[in-house]
Amino acid sequence: PQAASARTDVRDCSVDPPYLPPTATNTTAQLTALRGIMRAHGIHAYIVPSTDAHMSEYIAERDSRLGWLTGFTGSAGTGVVTQDKAALWTDSRYWTQAERQLDCNWELQRTPWIESIGLWILEVVPVGGNISLDPFLFSIDTWNSYSRALHGSGRTLLPIETNLVDQVWGDQRPPPASSEIYSLPPAFTGSSWQEKVAGIRQQMEQHVRRPTAVLLSGLEETAWLFNLRGDDIPYNPVFYAYTLLTNTTI
C-alpha cells in the first residue's frame, strides 16, 4: 500500500528547501530590520508580547506587533528575537495555527510559561547580555516573572520605552483609531458616573492602605466608570484611555 501523503497545510522545516504552506508569512525582512535596530541599542534579545499597553486580550491591528513580526495571528503568544534565533511561545489552542502561519525563521515552543522563555533566553544569550522589552506592554506581575527567571544569571533585563517593532513597522503601521465615543443612556448603566466616582473614593478612604489615587489602565474600566463606549478595537465597545482618579480630581 502507498504511504499516506504528507500534510500540505503546515510547514516542514526538515526538508531542503523548507516547505511552507500558502498561509505562512515570510518574515526575513522584518527580522533583519529588527536585528539591526537591536544591535544599535546593544540588545541581545527582544521580547514581543501579543497584548497592547492596556493588557487587552483583543487588540487593534495597530497593536498587533507579534502578528506583524511573525505572521502568527492567535490571540495569545510571546516572541523572542536574538541576533541568530527567533522563537514563539503559545498554548495548545494555537499549535496547528502557528505551524500554518510561521515560516522557518521561527522555532515553535509549545508552552506559554515564562519559565520556559527564561530558560531559552539563558541558553542563547551570553552572560553580560541585555534582554529588552517595551515596559508599556507588560504587567508588573509579568515583569517580575521575567526578572525572577533571569535573576543571578549575569544577564540584564532592560526596559526600553521606544518600541523597536514599531520602529521597523514604520509608515506601514496602521494609524491610531479615531472612532466616536458615546454615552450610554441611564437605563443601561445602573448608576451615574458621578455615583461611581463617589463610590470609589469612599472605598479609597476605607481601605487599610488609604490610597490617594487610583489608576485605571484597562479599557473596560474607564468605559464602565464614565458610562461611555467606543469602537477603537473591532467588536469591542471600548476606546483608548487611562484614568487617574484622586480624592479631589479626575
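Positions within a chain are numbered from 1, following the residues in the order the chain's sequence is written. Given that this is a predicted model, residues contribute local features only at a pLDDT of at least 70 and side-chain atom pairs are listed and counted only at 80 or more, while totals for whole chains, interfaces and linings are drawn from all residues. Think of the side-chain values as coming from all heavy atoms in the structure, minus any hydrogens and water.

Engineer: Tell me about the confidence of the model for the protein, and please be specific about residues and values.
Structural biologist: For every residue, the predictor states its confidence as a pLDDT score lying anywhere from 0 to 100. Scored by pLDDT, the protein has a mean of 95; 98% of the residues are at 70 or more. By definition in these notes, contact holds between two residues if any of their heavy atoms fall within 4.5 Å. In the model, residues 1–5 has pLDDT below 50 throughout and makes 0 contacts with residues more than four positions away in sequence or in other chains.

Engineer: Which residues make up the environment of Cys13, and what values do they have?
Structural biologist: Only DSSP runs of H or I covering at least 4 residues are called helices, and only runs of E covering at least 2 are called strands; the numbering of each starts at the N terminus. Locating Cys13 in the fold gives a position in the segment before α1 (28–41). The spatial distance from the C-alpha of Cys13 to the C-alpha of Ala24 is 12 Å, given a sequence separation of 11 residues. Those residues in contact with Cys13, other than ones at most four positions away along the chain, are Pro18 and Cys104.

Engineer: Which residues make up the environment of Pro22, and what values do they have?
Structural biologist: Structurally, the position occupied by Pro22 is in the segment before α1. For the pair Pro22 and Ala149, spaced 127 residues apart in the sequence, the C-alpha separation amounts to 37 Å.

Engineer: Please provide a residue-by-residue account of the packing of aromatic side chains, values included.
Structural biologist: Stacked, edge-to-face and tilted are the three classes for Phe, Tyr and Trp ring pairs, Trp counted by its six-membered ring, which pair at centre distances within 6.5 Å; planes under 30 degrees apart are stacked, over 60 edge-to-face, the rest tilted. As enumerated under the stated definition, the model contains 5 aromatic pairs in all. A centroid spacing of 5.3 Å and a plane angle of 85° characterise the contact between Trp89 and Trp120, whose relative ring orientation is edge-to-face. Taken together, the positions of Trp89 in strand β3 (residues 86–89) and Trp120 in helix α4 (residues 114–124) put the pair 31 residues apart, joining distant regions of the chain. Trp89 sits in the buried class, given a relative accessible area of 1%. Look at Trp120 and you get buried, because its relative accessible area is 7%. Only protein chains enter the accessibility calculation, which uses a 1.4 Å probe; a residue is then buried when its area is under 20% of its type maximum, exposed when over 50%, and partly exposed in between.

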